[in-house]
Amino acid sequence: MRYVSTRGNPEQRRFCDILLEGLAPDGGLYLPTSYPQISADQLQAWRLIYAEQGYAQLAFEILSLYIDDIPPADLLAMCQKTYTKEIFGTAAITPLRPLEAGVFVLALSNGPTLAFKDMAMQLLGHLFEYELARRGEELNILGATSGDTGSAAEYAMRGKQGVRVFMTSPHGRMSPFQQAQMFSLQDTNIHNIAIEGVFDDCQDIVKAVSGDHDFKRKYHIGTVNSINWARLLAQVVYYFAGYFQATTQPGQRVSFTVPSGNFGNVCAGHVARCMGLPIEKLVVATNENDVLDVFFKTGVYRVRSSDQTHETSSPSMDISKASNFERFVLDLLQGDAQRVRRLFQDDLQREGQFDLSLDPLFQQAKQGLGFVSGRSTHADRLRTIQDTHRRFAQIIDTHTADGLKVAREHLQADVPMVVLETALPIKFADTITQALGHAPPCPPAFADLPQRPQRVTVMSPDVASVKAYIRQHCEIGA
Ligand SMILES: *Cc1c(COP(=O)(O)O)cnc(C)c1O
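Only a predicted model underlies this, so the values are computations on that prediction, with no experimental measurement involved.

> I would appreciate a short explanation of the overall build of the protein chain in the present structure.
For the protein chain, the helix and strand inventory stands at 20 helices and 15 strands. On C-alpha atoms alone, the protein chain measures out to a radius of gyration of 21 Å, which is about the 23 Å that the 2.2 N^0.38 rule sets for 478 residues. A burial count over the protein chain gives 58% of its 478 residues as buried. Partitioning the contacts of the protein chain with sequence separation of at least 6, the portion at a separation of at least 24 is 75%. Carbon and sulfur atoms form 50% of the exposed surface of the protein chain, whose accessible area is close to 18,400 Å². Of the side-chain charges in the protein chain, 45 are positive and 52 negative, and the distance between the mean point of each set is 1 Å.

> Help me out: how do you make sense of helix H15 (residues 337-351) in this one?
The periodicity of an α-helix, 3.6 residues per turn, causes residues three or four places apart in sequence to face the same way. Taking 1.5 Å as the rise per residue, H15 with 15 residues should run 21 Å; its terminal C-alpha atoms sit 20 Å apart, in good agreement. Taken as a whole, H15 carries its principal kink of about 25° at Leu343. Every buried residue of H15 is accounted for by Ala337, Val340, Leu343, Phe344 and Leu348. Buried residues along H15 sit in contact with strand S11 (300-302), helix H14 (325-332) and strand S12 (353-355). Downstream of H15 by one or two residues, Gly352 has phi in the positive range, about 70°.

> Quick question: what am I supposed to make of the packing of aromatic side chains here?
Both the distance between ring centres and the angle between the ring planes are used here to describe each pair of aromatic rings. Under the counting rule described, the total for this entry stands at 30 aromatic pairs. A centroid spacing of 5.8 Å and a plane angle of 50° characterise the contact between Tyr3 and Trp229, whose relative ring orientation is tilted. In this pair, Tyr3 is assigned in strand S1 (residues 3-5) and Trp229 in helix H11 (residues 229-246), connecting sequence segments 226 residues apart. Taking relative accessible area as the criterion, Tyr3 reaches 0% and is therefore assigned buried. Taking 5.6 Å as the distance between ring centres and 55° as the angle between the ring planes, the aromatic pair formed by Phe263 and Phe328 counts as tilted. With Phe263 in the loop between strand S9 (254-259) and helix H12 (264-275) and Phe328 in helix H14, this pair connects stretches of sequence that are 65 residues apart. Note on accessibility: Phe263 and Phe328 belong to one class, buried.

> Explain the sheet that holds strand S13 (residues 371-375) to me, please; I cannot follow it from the model alone.
Pairing is mixed in the open sheet, where six strands are placed in the order S3-S4-S14-S9-S10-S13. The two strands at the open ends of the sheet, each matched to only one other strand, are strand S3 (96-98) and S13. Averaged over all pairs of adjacent strands, the angle between strand axes in this sheet comes to 25°, irrespective of strand direction. Pairing between strand S4 (residues 103-107) and strand S14 (residues 417-421): five bridges, direction parallel.

> Just to check I follow, could you spell out the site of the ligand for this structure?
In the neighbourhood of the ligand, 15 residues make up the surrounding shell, with Lys117, Asp148, Gly261, Asn262 and Asn265 lying closest. Between the ligand and the protein, one listed contact pairs an oxygen atom with a side-chain N or O atom of Lys117 at 2.5 Å. The fraction of the free accessible surface of the ligand (380 Å²) that becomes covered by protein chains is 97%. Residues belonging to the shell around the ligand are distributed by class as follows: five nonpolar, eight polar and two charged.

> Would you mind showing me how to read the packing of helix H3 (residues 55-64) against helix H4 (residues 72-82) here?
Each pair of packed helices can be summarised by the angle the axes make with each other and by the distance between the axes. One way to put it is that H3 packs onto H4 with a least axis distance of 9 Å and a crossing angle of 140°. With respect to each other, H3 and H4 are oriented oblique. Crossing of H3 against H4: the hand is right-handed. Each of Ala56, Gln57, Ala59, Phe60, Leu63 and Ser64 in H3 lies in contact with H4, whose residues at this interface are Pro72, Leu75, Leu76, Cys79 and Gln80. When its residues are assigned to classes, the contact of H3 with H4 shows eight nonpolar, three polar and no charged.

> Can you help me understand the sheet that holds strand S6 (residues 163-170) in this one?
Backbone-to-backbone hydrogen bonds join strands into a sheet, with any given pair of strands oriented parallel or antiparallel. The strand order S8-S5-S6-S7-S15 describes an open sheet built from five strands, whose pairing is parallel. Since the sheet does not close on itself, it has two edges, and those belong to strand S8 (221-222) and strand S15 (457-459), each with one partner.

> Help me understand helix H17 (residues 378-392), please; the structure alone is not making it clear to me.
Between its terminal C-alpha atoms H17 stretches 21 Å, which fits the 21 Å expected from 15 residues at 1.5 Å a residue. Directly after H17, the chain includes Ala393, whose backbone phi takes a positive value near 55°.

> What is the right way to read the pairing of S9 from this model?
Side chains on a regular strand alternate between the two faces of the sheet. With six of six residues buried, S9 lies mostly within the body of the structure. Bridge count between S9 and strand S10 (residues 279-286): five bridges; the pairing is parallel. Each bridged residue has a counterpart across the sheet, and for Pro259 the counterpart in S10 is Ala285. With respect to chirality, the unit in which S9 leads through H12 into the neighbouring parallel S10 is right-handed. Pairing between S9 and S14: three bridges, direction parallel.

> Help me understand the layout of surface pockets, please; the structure alone is not making it clear to me.
Sizing a probe to match a water molecule and rolling it over the atoms shows the empty space that remains. Space inside the second largest pocket adds up to approximately 200 Å³. Around the second largest pocket sit Gly111, Pro112, Leu114, Tyr155, Arg158, Ser184, Leu185, Pro443, Pro444, Ala445, Phe446 and Arg452, which together line it. Classifying every residue of the lining of the second largest pocket by side-chain character gives eight nonpolar, two polar and two charged.

> Would you mind showing me how to read the nonpolar core here?
Grouped burial of nonpolar side chains is what soluble globular proteins tend to show. Ranked by internal contacts, the top residues of the largest apolar core, which has 115 residues, are Phe240, Phe263 and Phe325. Looking at this core, the element that brings in the most residues is H11, giving 14 residues. With residues up to four places along the chain from it excluded, the contact list for Phe263 reads Val284, Leu292, Phe296, Ala322, Asn324, Phe325, Phe328 and Phe371. In terms of nonpolar packing, the next biggest core, distinct from the first, is built from 18 residues, Leu99, Val105, Leu382 and Val419 among them.

> Explain the pattern of salt bridges here, please?
It is possible for side chains of opposite charge to pair when their charged atoms get near one another. In total, this model carries 30 salt bridges according to the counting rule given. Across the pair Asp68 and Arg14 runs a salt bridge, and its minimum N-O distance is 3.5 Å. With a gap of 54 residues between them, Asp68 in the loop between H3 and H4 and Arg14 in the loop between S1 and helix H1 (15-19) connect regions that are remote in the sequence. Relative accessible area serves as the criterion here: at 32%, Arg14 is assigned to the partly exposed category. Among the salt bridges present, the one from Asp387 reaches Arg391, with a minimum N-O distance of 3.2 Å. Placement of both Asp387 and Arg391 in helix H17 is noted, with a separation of four residues, approximately one turn of the helix. Among the residues examined, Asp387 registers a relative accessible area of 14% and is labelled buried. In the salt-bridge network here, residues are joined through shared partners; they are Glu100, Asp387, Arg390, Arg391 and Arg408.

Conventions we followed
Residues numbered from 1 in each chain as written. Predicted model: local features only at pLDDT ≥ 70, side-chain atom pairs only at ≥ 80, totals over all residues. Heavy atoms only, no water. Helix = DSSP H or I, 4+ residues; strand = E, 2+ residues; numbered from the N terminus. Rg over C-alpha atoms; globule rule 2.2 N^0.38 Å. Buried < 20%, exposed > 50% of the residue type's maximum accessible area, 1.4 Å probe, protein only. Contact = heavy atoms within 4.5 Å. Areas by Shrake-Rupley, 256 points an atom, 1.4 Å probe, with all protein chains shown as cover. Lys, Arg positive; Asp, Glu negative; His and termini not counted. Charge placed at Lys NZ, Arg CZ, Asp CG, Glu CD. Expected span 1.5 Å × (residues − 1). Bend = angle between axes of the 7 residues up to and from the residue. Phe/Tyr/Trp six-rings, centres within 6.5 Å; stacked < 30°, edge-to-face > 60°. Pairing = 2+ DSSP bridges. Axes fitted to C-alpha atoms, helices over the stretch in contact; angles between N-to-C directions. Near = heavy atom within 4 Å. Polar contact = N/O pair within 3.5 Å; in protein donor to acceptor, adjacent residues only side chain to side chain. Nonpolar A, V, L, I, M, F, W, Y, C, P; charged D, E, K, R; others polar. Parallel < 35°, antiparallel > 145°, perpendicular 65-115°, else oblique. Left-handed = near helix turned anticlockwise from the far one by under 90°. Right-handed = clockwise from strand over helix to strand, strands pointing away. 1 Å grid on protein atoms, 1.4 Å probe; cavity = no way out; pocket = protein on both sides within 12 Å on 5 of 7 lines; lining within 4 Å. Points joined across faces, edges and corners; volume = space filled by probe spheres on them. Core = buried A, V, L, I, M, F, W, Y, C linked by side-chain atoms within 4.5 Å. Salt bridge = Lys/Arg side-chain N within 4 Å of Asp/Glu carboxyl O.

Listed below in structure tokens is the structure:
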């Protein structure tokens, strides 16, 4: 399997080369040159593998189709270390639970940080450690987070050889649970840097440091953001696991609703569908930051400026642009990478938007690729959380509530609808309390979280100080 950029750079790369990289040199994202096709027989065989040998084996089967530069025994060992009952809470890893007839929730949030990002990030931790050791290299991951991404990255990389994490976050602006989760890590390779500013200040610092090419090279600066192909690939697996749990007959069709921000999660569903998984619809659910909903309704993709980006009660979906969207657009335009380059490099840069409404491929693709969308607001979120609690005695988080609200607008008779649960409610306890009048239950493993000692360095939003901090910690080897 080889990988190429969405913007047409002809160079073909192997999996382990793109594993440790961010964007392609032409600014595009990496995609495989083709999607492996799964026959109906193969799908049945995987159904049995999941039932009899479990999620780790299923993950290995799927990943093997895309990774041919890691010996199979090593890849299998990493899948087995990652997808365990100890780490994800159940043998099914991603269990499916029913709501009303025909509607299910796929639980993706029982990993170490209680959000679906663990599903991919936990594997990424092993892949990074493995590949860095093989190359005799080290990597310093520099990131900016307002919550879920940073904690998932830290819990995946803690204690890993050859990796340090420097995670910036806006001082005092994360939820108390998220802050305690990150800052309580005592591993010496994890560094929390609280910036006296907002999330955009953190992101600007990361951009400035990464934009200093000498510094970046000298200190081996890298990232783990959602455009990483390995993260997307790891997420493809649970669409299959969800499908097998929601169906009994070969060929039966299922729809998935995905609470979406950067389009990474739902793009993995798109890849599963392109491989031949019988998905009827992929429902893209957004919050008030409805860039994607507007696109699927109108064909116009318009990014928001930071002051047009709302701070909502489903904060992990508060995006101004959807970083993974470019991958989908390449498929929508049937592989026309030059056109993708013009849209994302020229039109988006110049006008902040592009318009595919008049393009027959847009209408055709909406049908052919099975995408629909919807949006949900704070009031919808509260109502959905209340209603789910009243009718099913279940508490769902705010992002999953956005998904469930939109899912119900797209139900079809005889097609099971699977809503992806992207976080547990304890992470967003304030909104749950607002909806239900009481806080959600805290998983036992986190009961003492508020009491654990915290490690964080507070800094002003100053690029030079962050660089000095990184330099100092690389040189003392901590
Ligand atoms: C990251 C995140 C999302 C959005 O996922 P994308 O892959 O960026 O679309 C949704 N919900 C939660 C809880 C998240 O952490």
